[in-house]
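Here is how the chains run, residue by residue.
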Amino acid sequence: MYIGKYAFNSKEQAQDKIDALGTEIDENGNEYPTHKHSIVELGNIVLEQGEYDENGEEISAPVLSDKWHLDVAWRLEDSYDEDGNLIEADHPYGWKSYSEEIEGDGVHSFFGLKYDELKF
Amino acid sequence: MAVKLGNGKWAVKENNLLAYNDNSGQFFNKEFDFTRGSSATYVGKDGLIKTAGLQDTNLVQNGDFSELGSEEVVNGDFATDSDWTKGAGWTISGGAAIQDGTGSGSSLQQSNIIVVGKTYKITYEIIERTQGSIQLFAGYPNSNTPTNSTIGVHTHYIKAEGNPNLYLLPSNFIGSIDNVSVKQVDPNDEWTLGSGWSYGDGVAYSDNTQTNYESLQQSSVTTIGKTYELKFNLNLDSGVIQAKGNAVYETYYPADNGEIVSYFVADSTFFRFTSFPNNTLGSVTNISVKEIQVNTPRIDFSDSADGALLLEPQSTNLIQYSEDFSDSYWRKGSNTTVINNYAISPEGKQNATRIQMPDTSGTFLDVNLSGLQGNTLTVSFYAKNNGGVTNITTYLLGNNLQTISLTDKWVKYDFTGIADTDVRVGIDNINGGGAVDFLLYGFQLEQLPYATSYIPTQGSASTRIAETCTNSGSAQDFNSEEGVLYAEISALDNGGFDRYISLDDSTSLNYVHLILHATDNRIVFRVNSGGVEQVNISDYNFEQTDNLKIACVYKQHYFSLWINGIERVTDISGNIPIGLNKLNLSLFNGTQPFYGKVKNVQVFTKSLTDEELEKLTTI
């Protein structure tokens, strides 16, 4: 298991990357993933909290990231080449350039797992 | 002969769920492969919320620093005038050591009873005192020599220095002492203490004198790569402390004081707390490190005493502090009082929060979230009245209000709705309703049309990964020519997406499928043979979230769907599948899994009579 954090330019771009991991259509016409990775769409995450009055009315709006953020728990394992050398798993093709490395879990974690310990 | 799962007979281990082939009383293991990958919670047999796969064994030894060695002092109660070296002015009589005031600076001594470098719990009692004091030496010289001048029992934790002798040194003391005891702390040397670390009364203490990073360390605790739950009590007066293996697992500050629960993947076999140079003043205790086998199936007892296999989709608790309502993440009115760790929670621990809101303004507790507009969300939380009015008001998914009635028992409340522009969730006390005083635990907000099991959070949203349970049995366990696929199941939601139980040939060509369909109330029995659909019959009369006993009967040109004691649909045309060899709680390839509660699954290798089917499926 590896955990990756990603910031895509748009929701559409992120969706294209997700779709490329593999989908099928069931008999009801619904698309479902054929991969086993766990993808969490965080969207435009809050960079600065908004302020609200006692009635819940917004005083100042939250500041949102202009990127579309994803956290992924990849079901990927390290492997070995024929000479016995370790080949560490890496981001799937097309994901690495959108990965972000942070300290700690940030705004999202996977229950019981630590990003710092499972990042690529 | 039948492959069976559940029906009150459960056995789980990491990566496996035990099913078995009952061959006329002979049992053969037919495990399912199980995956999840993250932690998850469930309701145990005792009704309390538990973490799946959390092992019982605390891998830390003497985590509460309570272990003491045997008594080192001989004749500590002065029953006889022996074993002690008496300096000037000391006599032993009447069950006490008496100092007449003439021996100031002349000790009462017992030699060779301690080991330099070890820490001892030393107690003695001043039972009479006219004047002066007693100074205690665990070896001489020693940098820690406490002085006592009051009647009563005095307890000190002292590291032996200098030599192996115990001294009670009077200073103008006139009086008597009794009940001297010396016992080694951590007698099995489980812990290694760095500079500035010492033992206290059931704690390990960092005194802020360190000039380097120093550790409180125990060896052979963890296995590299495995996941663990860390629990301990922190009482940090100032500075910072880190839980570590090789690298830092977590950093803690005084604001974190109290019981801490954290999770880590080990990068070493040792576990330690590390103090910072001149920046760690405080103590730790009740240290527990337990392995979590994250891929352990959950048998949930929230609905029945026999339990059910709980299979859930991926879900995220969007609330970043699900238990710590005192954190500033939660917006609180000026008259709202939040008391952490006030009462026993549904987890069975002292971590439920008391919320008090008088009948006035400034009485709310809420969170505002953005970016969720139009999504179906479900709020859930546990609450219990604590002496206030029974009706409280919750904010749901905007400024929509909902009144709930509290009881004197813990209840999990959940509400589903469509998110407004801004999502505001929490509790409000509407003026005029009376004072609110209740207990709160486990606040959860999910992007699902129903509540799933509790996902605790401590500073970030958290995701439980989806589960799969597949790959039980082999060709010899199933009969492709005739049989019955039976399941006692309930879905988490009525409709939404297809949830499969599949008896198949490990491909999509041949199968018997039981499907809780994406359409509300629809239950489907489908058979394929050689890649060609043979049977596709449905019933539309049962809510999928109800407890359902469903039997799918297959044999050549006879297919029948029984639900809850009644034969609902038949099809008398169709070929049987070929080469059935696997039972999956999903499609053959693990996709479109069954999410819900599975109480019982059985695959019979012969068709059953109508009488047998009626009996099998009657609720």
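Caption draft 1: The interface of chain B and chain A, seen in detail. Listed by partner, the interface residues are 46 residues for chain B and 35 residues for chain A. The largest contributions to the chain B side of the interface with chain A come from Val265(B), Asn368(B) and Ile465(B), which together make up 14% of the buried area. In this assembly, chain B and chain A are joined by one salt bridge. At the boundary of chain B and chain A, one finds 13 residue pairs in polar contact (both at pLDDT 80 or more). Those elements that provide at least two residues to the side of chain B that touches chain A are strand S23 (248-252), strand S24 (258-265), strand S32 (364-369) and strand S39 (461-464) of chain B. Class assignment of the residues belonging to the side of chain B that touches chain A gives a composition of 14 nonpolar, 24 polar and eight charged.

Caption draft 2: Local environment of the packing of aromatic side chains. Counted under the stated rule, the structure contains 32 aromatic pairs over all chains. Plain terms: the ring middles of Trp330(B) and Phe443(B) are 5.0 Å apart, the flat faces sit at 75° to each other, and that makes the pair edge-to-face. Here Trp330(B), found in the loop between strand S28 (315-317) and strand S29 (331-332), pairs with Phe443(B), found in strand S38 (residues 436-446); they are 113 residues apart in sequence, far enough to count as distant. Comparing Trp330(B) with Phe443(B), the two get one shared label, buried. Grouped by ring-pair contacts, the aromatic residues Tyr321(B), Phe325(B), Tyr329(B), Trp330(B), Phe381(B), Tyr413(B), Phe415(B) and Phe443(B) constitute a single cluster. Lying over the aromatic face of Tyr115(A), Lys5(A) brings its terminal NZ or CZ to 5.4 Å of the ring centre. The residue whose ring lies beneath Arg499(B) is Phe497(B), and the NZ or CZ to ring-centre distance is 5.4 Å.

Caption draft 3: Representation of helix H1 (residues 11-19) of chain A within the structure. All names here are of chain A. Taken together, the buried positions of H1 are Gln13, Ala14 and Ile18. An end-on view of H1 places all buried positions within 140° of arc, on one side of the element. Exposed residues lying more than 90 degrees from the buried face of H1 are Glu12 and Asp16. The inward-facing, buried residues of H1 contact strand S1 (2-8), strand S4 (38-43) and strand S9 (68-74).

Caption draft 4: Representation of a negative patch on the surface in the model. On the surface, Asp610(B), Glu611(B), Glu612(B) and Glu614(B) cluster together to form a negatively charged patch. By the secondary structure assignment, Asp610(B) is in helix H1 (residues 610-617).

Caption draft 5: Here's a closer look at the nonpolar core. All names here are of chain B. Counting 43 residues, the largest nonpolar core has Ile550 and Leu585 as the members making the most contacts within it. What isoleucine 550 contacts, discounting residues up to four positions off in sequence, is Leu485, Tyr486, Ala487, Ile489, Leu514, Leu516, Ile523, Leu561, Trp562, Ile563 and Thr617. In this structure, Ala383, Ile404, Ile427 and Phe438 belong to the second largest nonpolar core, which totals 32 residues.

Caption draft 6: View of the environment of Ser82(B). In this structure, Ser82(B) sits in the loop between strand S9 (68-71) and strand S10 (85-86). At 2.9 Å, the side chain of Ser82(B) forms a polar contact with the side chain of Asp83(B).

Caption draft 7: Quick look at unusual backbone geometry. Residues and elements named next belong to chain B. The residue after tyrosine 140, namely proline 141, is reached through a cis peptide bond having omega -5°. As for its position among the elements, proline 141 is in the loop between strand S14 (119-138) and strand S15 (147-148). At serine 220, a position not held by glycine, the phi torsion is positive, near 55°. Within the element layout of this structure, serine 220 appears in the loop between strand S21 (214-218) and strand S22 (227-244). By relative accessible area, serine 220 is classed as exposed at 65%.

The rules behind these values
- Residues numbered from 1 in each chain as written.
- Chains lettered and ligands numbered in written order.
- Predicted model: local features only at pLDDT ≥ 70, side-chain atom pairs only at ≥ 80, totals over all residues.
- Heavy atoms only, no water.
- Contact = heavy atoms within 4.5 Å.
- Buried area = accessible area lost by both parts, 1.4 Å probe.
- Salt bridge = Lys/Arg side-chain N within 4 Å of Asp/Glu carboxyl O.
- Polar contact = N/O pair within 3.5 Å; in protein donor to acceptor, adjacent residues only side chain to side chain.
- Helix = DSSP H or I, 4+ residues; strand = E, 2+ residues; numbered from the N terminus.
- Nonpolar A, V, L, I, M, F, W, Y, C, P; charged D, E, K, R; others polar.
- Phe/Tyr/Trp six-rings, centres within 6.5 Å; stacked < 30°, edge-to-face > 60°.
- Buried < 20%, exposed > 50% of the residue type's maximum accessible area, 1.4 Å probe, protein only.
- Lys NZ or Arg CZ within 6 Å of the ring centre and 35° of its normal.
- Arc of directions from axis to C-beta.
- Patch = residues over 30% accessible without salt bridge, like charges linked within 9 Å, V, L, I, M, F, W, Y side chains within 5 Å.
- Areas by Shrake-Rupley, 256 points an atom, 1.4 Å probe, with all protein chains shown as cover.
- Lys, Arg positive; Asp, Glu negative; His and termini not counted.
- Charge placed at Lys NZ, Arg CZ, Asp CG, Glu CD.
- Core = buried A, V, L, I, M, F, W, Y, C linked by side-chain atoms within 4.5 Å.

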